[in-house]
Amino acid sequence: RKQKAISMQKTLVTIAVAASLGLGATAAQAATLDDVIAKDYVQCGVTGGVPGFSAPDANNVWSGLEVDFCRAVAAAVFDDPDKVRFTPLTSQERFAALSAGEIDILSRTTTWTMSRDTDLGITFAGVMYYDGQGFMVRESDGIASAMDLSGAAICIESGTTTELNAADYFETNGLEYSPVVFTDQDEVVKAFEDGRCDVYTTDASALAAERSKFANPDEYTILPEIISKEPLGPSVRQGDDQWFYINRWTYYALLEAEELGVTQANVDEMLGSDNPAIKRLLGVEGEFGAPIGLSNDWAYRIVKHVGNYGEAFDRHIGPDTEIGLERGLNALWTDGGIQYAMPIR
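Presented here is a report on the structure given in the accompanying data block. Computed from a predicted model, the values in this text were never measured in an experiment. (Residues numbered from 1 in each chain as written. Predicted model: local features only at pLDDT ≥ 70, side-chain atom pairs only at ≥ 80, totals over all residues. Heavy atoms only, no water.)

Some words on the overall build of the protein chain
Definition in use: Put simply, DSSP H or I for four residues or longer makes a helix, DSSP E for two residues or longer makes a strand, and each gets a number counted from the N terminus. Radius of gyration means the value over C-alpha atoms here, while the globule rule gives 2.2 Å times the residue count to the 0.38 power. Only protein chains enter the area calculation, which uses a 1.4 Å probe; residues under 20% of their type maximum are buried, those over 50% are exposed, and those in between are partly exposed. The contact criterion used is simple: two residues touch if any of their non-hydrogen atoms lie within 4.5 Å. Residue burial considers only the protein chains on display, and all accessible areas are found by Shrake-Rupley using a 1.4 Å probe. We treat Lys and Arg as the positive residues and Asp and Glu as the negative residues; His and chain ends play no part in the count. The atom standing in for a charge is NZ when the residue is Lys, CZ when it is Arg, CG when it is Asp and CD when it is Glu.
Tallying secondary structure elements over the protein chain gives 14 helices and 14 strands in all. Radius of gyration (C-alpha) of the protein chain: 21 Å, near the 20 Å computed for a compact globule of 345 residues. Each of the three principal axes of the protein chain carries a C-alpha extent, and together these read 60 × 50 × 40 Å. Taking all 345 residues of the protein chain together, 51% fall into the buried category. In the protein chain, once contacts between residues fewer than 6 apart in sequence are set aside, the share between residues at least 24 apart is 71%. A total of about 15600 Å² of accessible surface is found on the protein chain, and carbon and sulfur atoms cover 50% of it. Considering the protein chain, the positive charge centre built from 26 side chains and the negative charge centre built from 52 side chains are found 8 Å apart.

The following block contains the structure:
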């Protein structure tokens, strides 16, 4: 705590000095890349454990789609995807941890909303997974639709868009319900498993992820209704444009690589491609690293160490995993989805 207090005091002094010089908050805060390089790792805020997105194994090795985003940033900066450390955070802790500088990136099943983007001093870098809120029930209860949930006790995590969406949905449809609220995701899941509520609601992807951990997944049904838009993506602190651009363009590089057919397996071969877009992506042509403080092969490093977006998706949550999610909206725009990379040029 003493160290945190000292760190916060230094930050306030720096901002005060910058303000006196007319530099503003941006100059005071624009040091994340320098700090990351100095400590030699990226600090990434994640969930306590949602399979497929961010979860540790028995050896405390983290993996998942959101983990891979942080590993991609580490690859871009250090040419080493392992130079990243993970901080498990609850929904209540996550934004404060990012604002206080305890983490460099928040990549934790977090929905991009207007209030979060404008009121919390954070900025979203992209959407790693387009999701929506759903409901899970026990197969034995014979519930086929969310419209049949009037009077149900519903397990919900507090401090989330899930809580607000549920209230909106039941009010709009004239249905009664009893919220059973917990502060931690694991508590919500256990309460549902223990029968303390009839329904578990959260993002549909998380429902599928949690169901995969149940002893008998077939005993649970995810209802067909999706009641909200939940664009889940990584965010960084406002006021440091360079660090924001590094994270934003890491996201776009993952997508661009998939669009161009550049994979972890063929990236070295693709260095010799005649395609101008591939040359720019991999740093063979142009100078796209210097403006964001990185070497020219920053995107090559990402694909070499982590792969492209589609590879990460298939590896962690795709149809051949226990979670078994289809690409759907998260397919590339060329395949009927809405994932779309801004051009590197």
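Text resumes after the structure shown.
Thoughts on the environment of Glu 269
Within the secondary structure, Glu 269 is located in helix H11 (residues 267-270). Considered as a pair, Glu 269 and Ser 158 are 111 residues apart in the sequence and their alpha carbons are 49 Å apart.

Description of the side chain of Ser 107
This is how it is decided: The definition of a polar contact used here is a pair of N or O atoms within 3.5 Å, where within protein one atom must be able to donate a hydrogen and the other to accept one, and adjacent residues in sequence count solely through side-chain atom pairs.
Take Ser 107: it is sitting in the loop between strand S5 (105-106) and helix H6 (114-119). For Ser 107, a relative accessible area of 1% gives the class buried. A polar contact of 3.0 Å, which involves the side chain of Ser 107, links it to the backbone oxygen of Glu 66. In this view, Ser 107 contacts Cys 44, Gly 45, Val 46, Glu 66, Phe 69, Cys 70 and Pro 234; residues no more than four positions away in its chain are not counted.

A closer look at the pairing of strand S10 (residues 177-182)
Convention followed: By this definition, two strands are paired if DSSP reports at least two bridges between them. Seen with the strands pointing away from the viewer, any crossover whose path from the first strand over the helix to the second strand runs clockwise is right-handed.
Examined bridge by bridge, strand S9 (residues 152-157) and S10 share 6 bridges and lie parallel to one another. Looking at the pairing, Cys 155 lines up with Val 180 of S10. Read from S9 through helix H7 (residues 161-172) to S10, the crossover connection turns out right-handed.

Considering the packing of aromatic side chains
Formally: A pair of Phe, Tyr and Trp rings is counted when the ring centres sit within 6.5 Å of each other, with Trp represented by its six-membered ring. The angle between the planes then sorts it: under 30 degrees is stacked, over 60 is edge-to-face, the rest tilted. In our convention, an over-ring charge means Lys NZ or Arg CZ found within 6 Å of a ring centre and within 35 degrees of that ring's normal.
Considering all chains together, one arrives at 17 aromatic pairs under this definition. Summarising the aromatic geometry, the rings of Tyr 169 and Phe 170 are spaced 5.6 Å apart at their centres and angled 90° between planes, so their arrangement reads as edge-to-face. When sorted by exposure, Tyr 169 lands in the same class as Phe 170, which is buried. Taken together, the aromatic side chains of Phe 53, Tyr 129, Tyr 309 and Phe 313 make up a single cluster linked through ring pairs. Across the ring face of Tyr 41, the terminal group of Arg 85 is positioned such that the distance to the ring centre comes to 3.8 Å. A cation over a ring is seen here: Arg 327 above Phe 313, with NZ or CZ 5.2 Å from the ring centre.

As for the packing of helix H10 (residues 241-259) against helix H13 (residues 298-306)
The line we're drawing: What counts as an axis is a line fitted to C-alpha atoms, over the stretch in contact for a helix, and the angles between N-to-C directions run from 0 to 180 degrees. For any helix crossing, the convention is left-handed if the near helix is rotated counterclockwise from the far helix by under a right angle, and right-handed if that rotation is clockwise. Three residue categories are used. Nonpolar comprises Ala, Val, Leu, Ile, Met, Phe, Trp, Tyr, Cys and Pro, charged comprises Asp, Glu, Lys and Arg, and polar comprises the others, including Gly.
Relative to each other, H10 and H13 sit at 65°, their axes nearing to 10 Å. Relative to H13, H10 is oriented so that their crossing is right-handed. Across from Trp 249, Thr 250, Ala 253, Leu 254 and Ala 257 in H10, the residues of H13 making contact are Trp 298, Ala 299, Ile 302 and Val 303. Residues of the contact of H10 with H13, tallied by class, amount to 8 nonpolar, 1 polar and no charged.

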